[in-house]
Amino acid sequence: MGGEELVLYNSRHTRLTELAPELPAGLLQDVAGHTTFQMTRRYLHTAKQTLVEKLREAQARLDQPK
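Residues numbered from 1 in each chain as written. Predicted model: local features only at pLDDT ≥ 70, side-chain atom pairs only at ≥ 80, totals over all residues. Heavy atoms only, no water.

Considering the overall build of the protein chain
What the protein chain contains, in helices and strands, is four helices and zero strands. Residues classed as buried in the protein chain amount to 12% of the 66 residues present. Of the roughly 5800 Å² of accessible surface on the protein chain, 56% is carried by carbon and sulfur atoms. (Helix = DSSP H or I, 4+ residues; strand = E, 2+ residues; numbered from the N terminus. Buried < 20%, exposed > 50% of the residue type's maximum accessible area, 1.4 Å probe, protein only. Areas by Shrake-Rupley, 256 points an atom, 1.4 Å probe, with all protein chains shown as cover.)

So, the side chain of threonine 40
Tracing the backbone shows threonine 40 in helix H3 (residues 37-41). Overall, threonine 40 belongs to the buried group, its relative accessible area being 0%. At 2.9 Å, the side chain of threonine 40 and the side chain of histidine 34 are in polar contact. Discounting residues that sit within four places of it in the chain, threonine 40 has contacts with Ala25, Leu28, Gln29 and His34. (Polar contact = N/O pair within 3.5 Å; in protein donor to acceptor, adjacent residues only side chain to side chain. Contact = heavy atoms within 4.5 Å.)

As for helix H2 (residues 25-32)
Three or four residues apart is the spacing at which side chains of an α-helix point the same way, because the helix has 3.6 residues per turn. Every buried residue of H2 is listed here: Leu28, Gln29 and Ala32. Viewed along the axis of H2, the buried residues span an arc of 105 degrees, placing them on a single side of the element. At the exit of H2 stands glycine 33, carrying a positive phi of roughly 75 degrees. (Arc of directions from axis to C-beta.)

Some words on the nonpolar core
With five residues, the main nonpolar core is built from Leu16, Ala20, Leu28, Ala32 and Tyr43. Beyond its immediate stretch of four places on either side in the chain, alanine 32 contacts Arg12 and Leu16. (Core = buried A, V, L, I, M, F, W, Y, C linked by side-chain atoms within 4.5 Å.)

Details of the confidence of the model for the protein chain
For the protein chain, the average pLDDT comes to 84, and 86% of its residues sit at 70 or higher. Averaged pLDDT values for the elements of the protein chain fall to 81 in helix H1 (residues 8-19) and rise to 92 in H2. (pLDDT = per-residue confidence, 0-100.)

A word on the side chain of glutamine 29
The topology assignment puts glutamine 29 in helix H2. Relative accessible area serves as the criterion here: at 18%, glutamine 29 is assigned to the buried category. Leaving out residues up to four positions away in the same chain, glutamine 29 has contacts with His34, Thr35, Thr36, Phe37 and Thr40.

Here is the structure:
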C-alpha cells in the first residue's frame with residue numbers, strides 16, 4: 001500500500017472526518033470522546049463558502065419576527 005500502514009486509527013479518523021460536516025461540533029466532540037475542543041477541531045475542515053452560507057442562514061433565522 002505505498003508504504004502506508006493501515007491501523008484502526010485510520011478508520012476512526014476517516015469516519016470522524018466524514019461525520020464532521022453532518023454533526024454540530026459539540027456532538028462530534030461527544031461522539032469522538034474528546035475532552036477538549038482543540039482535539040475535535042482537527043476533524044472540522046469547513047470550507048469558507050460553507051461558513052458564509054451558515055452564517056447567512058443563522059442571521060436570517062435571527063432576523064425573522066417572533
